[in-house]
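# Residue-level structural notes
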Amino acid sequence: MEHLNVLVTGGARGIGAGIVEQLAGKGHNVAFCGRAAVETAEEVLSGLRNRFPGKFIYYQCDVSNAEDREKLVDSFLADFGCIDVLVNNAGVAPNVRADLLEMSEESFTRVLTINLMGPFFLTQLAAKKIMENQNGKFHCIVNIGSVSADYASINRGEYCLSKAGVAMATKLWAVRLADENIPVYELRPGVIKSDMTSVVSAKYDKMIAEGLTLQRRWGMPEDIGKAVAMLLEGSLAYSTGQVINIDGGLTIERF
């Protein structure tokens with residue numbers, strides 16, 4: 001399998017860390033970013049470099065900021081030479097889970113800017129760079145969406161709206177980039193054990209035990225990482241625009 005240069009946003013913890021770990025294990029060169037200072041990622045980088053042969057770098061970046069996005073892509077190109085794959089994983093939940101009647105404009109703007117606007121315009125930047133350097137390798141864009149694109153949660157409506165937007169962005173970019181031979185995919189995690197779900201851990205423990213998911217366990221970050229690694233093998237190269245649910249059967253309609 002060819003080794004690719006991959007940029008993963010929000011890869012320092014949670015689902016992003018699971019993606020980085022799995023891609024590193026496949027021999028890919030991986031850069032990941034987050035809003036925390038570079039020093040905070042030294043332990044993670046050291047662990048990756050001690051176990052895997054690829055090249056690994058962390059960048060400080062707020063994907064909701066245009067200057068940060070441009071700096072991120074420029075830094076990646078300077079360090080890796082070219083970009084083969086972008087994984088749009090960075091995302092946030094509302095700071096306060098508020099009923100729709102109480103949701104603030106500040107929370108709405110924050111979540112939509114980070115979860116939707118940031119990855120949309122980062123894709124725009126990365127796609128142009130990929131198009132400029134068609135090097136014969138497999139290229140793709142992977143968006144990490146959520147089952148919340150379809151499932152309404154009235155105490156975190158801004159998150160649901162952002163992920164519904166990611167679903168349409170996936171379709172839009174799949175159409176635009178098809179002639180450029182750059183497939184675009186969306187992975188939709190279900191209930192995943194991460195920082196984001198830690199505040200409702202007891203609630204989901206009970207729901208999973210009672211049959212929320214067909215497979216009665218939490219999803220883990222490595223479950224998402226393995227799916228991304230599979231896509232990078234090019235096995236679904238003829239499936240641009242498709243959605244893959246990584247949800248333990250949560251979204252299967254049943255009596």
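Residues numbered from 1 in each chain as written. Predicted model: local features only at pLDDT ≥ 70, side-chain atom pairs only at ≥ 80, totals over all residues. Heavy atoms only, no water.

## A look at the nonpolar core
Operational definition: Nonpolar core, defined: a set of buried Ala, Val, Leu, Ile, Met, Phe, Trp, Tyr and Cys residues in which side-chain atoms within 4.5 Å join the residues together. Residue burial is assigned from relative accessible area. The probe radius is 1.4 Å, only protein chains are included, and a residue is buried under 20% of its type maximum, exposed over 50%, and partly exposed in between. Counting from the N terminus, the helices are DSSP H or I runs at least four residues long and the strands are E runs at least two residues long. In this analysis, two residues are considered to be in contact whenever any of their non-hydrogen atoms come within 4.5 Å of each other.
Membership of the largest hydrophobic core comes to 32 residues, with the highest contact counts inside it found for V8, I19, L23, V87, V142, V228 and L232. If one sorts the elements of this core by residue count, helix α7 (residues 221-232) sits on top with six residues. If near-sequence neighbours (up to four positions away) are discounted, V228 is found in contact with I19, L23, V87, V142, I144 and L187. Counting residues in each nonpolar core, the second largest holds 28 residues, with F80, I114, A127 and I182 among its members.

## What about the packing of helix α4 (residues 105-132) against helix α5 (residues 157-177)?
Quick note on the threshold: To get an axis, a line is fitted to the C-alpha atoms, and for a helix only the part in contact is used. The angle between two axes follows their N-to-C directions and goes from 0 to 180 degrees. These descriptions rest on fixed angle ranges, namely under 35 degrees for roughly parallel, over 145 for roughly antiparallel, 65 to 115 for roughly perpendicular, and the rest for oblique. In this scheme the handedness of a crossing depends on how the near helix is turned from the far one: anticlockwise by less than a right angle means left-handed, clockwise means right-handed.
The contact between α4 and α5 brings their axes to 9 Å, and the two run at 15°. As far as their axial angle goes, α5 and α4 are roughly parallel. The way α4 lies across α5 gives a crossing that is right-handed. Seen from α4, the contacting residues are S107, F108, V111, L112, N115, L116, F120, T123, Q124, A127 and M131; seen from α5, they are E158, Y159, L161, S162, K163, G165, V166, A169, W173 and L177.

## Structural notes on α7
For the record, the criterion: Given the number of residues in a helix, its expected span is that number minus one, multiplied by 1.5 Å.
An ideal rise of 1.5 Å per residue puts 16 Å on twelve residues; α7 measures up with 17 Å between its terminal C-alpha atoms. Looking at the buried residues of α7, the elements they touch are β1 (5-9), α1 (14-25), β4 (85-88), β5 (140-144), β6 (184-189) and β7 (243-246). Phi for G234, located one or two positions after α7, is positive at around 80°.

## Observations concerning the packing of aromatic side chains
Heads up, the rule is: Stacked, tilted and edge-to-face are the three classes assigned to paired rings of Phe, Tyr and Trp, where Trp is represented by its six-membered ring and a pair needs centres within 6.5 Å; plane angles under 30 degrees give stacked, over 60 edge-to-face, the rest tilted.
Using the criterion set out here, one finds five aromatic pairs in the structure. Look at F76 and F80: their rings are 4.5 Å apart centre to centre, the planes differ by 20°, and that puts the pair in the stacked class. Of this pair, F76 and F80 both sit in helix α3 (residues 66-80), four residues apart, which is roughly one turn of that helix. Judged by relative accessible area, F76 falls into the buried class, the value being 1%. Here F120 and W173 contribute two aromatic rings whose centre-to-centre distance is 5.1 Å and whose plane-to-plane angle is 45°, an arrangement assigned as tilted. Placement of F120 in helix α4 and of W173 in helix α5 is noted, with a sequence separation of 53 residues between them. Residue classification places F120 among the partly exposed positions, given a relative accessible area of 26%. Owing to a relative accessible area of 11%, W173 belongs among the buried residues under this scheme. Among the aromatic residues, those joined into a ring-pair cluster are F120, F121 and W173.

## Section: the state of the cysteines
The condition that has to hold: Any two cysteine sulfur atoms within 2.5 Å of one another count as a disulfide.
Applying the stated rule across the entire model yields zero disulfides. No disulfide involves C61; its sulfur sits 4.7 Å from that of C33, the nearest cysteine. Residue C61 is classed as buried on the basis of its relative accessible area, which comes to 3%. The thiol sulfur of C140 is not disulfide-bonded, and the nearest other cysteine sulfur, from C82, lies at 13 Å. Classification of C140 as buried rests on a relative accessible area of 0%.

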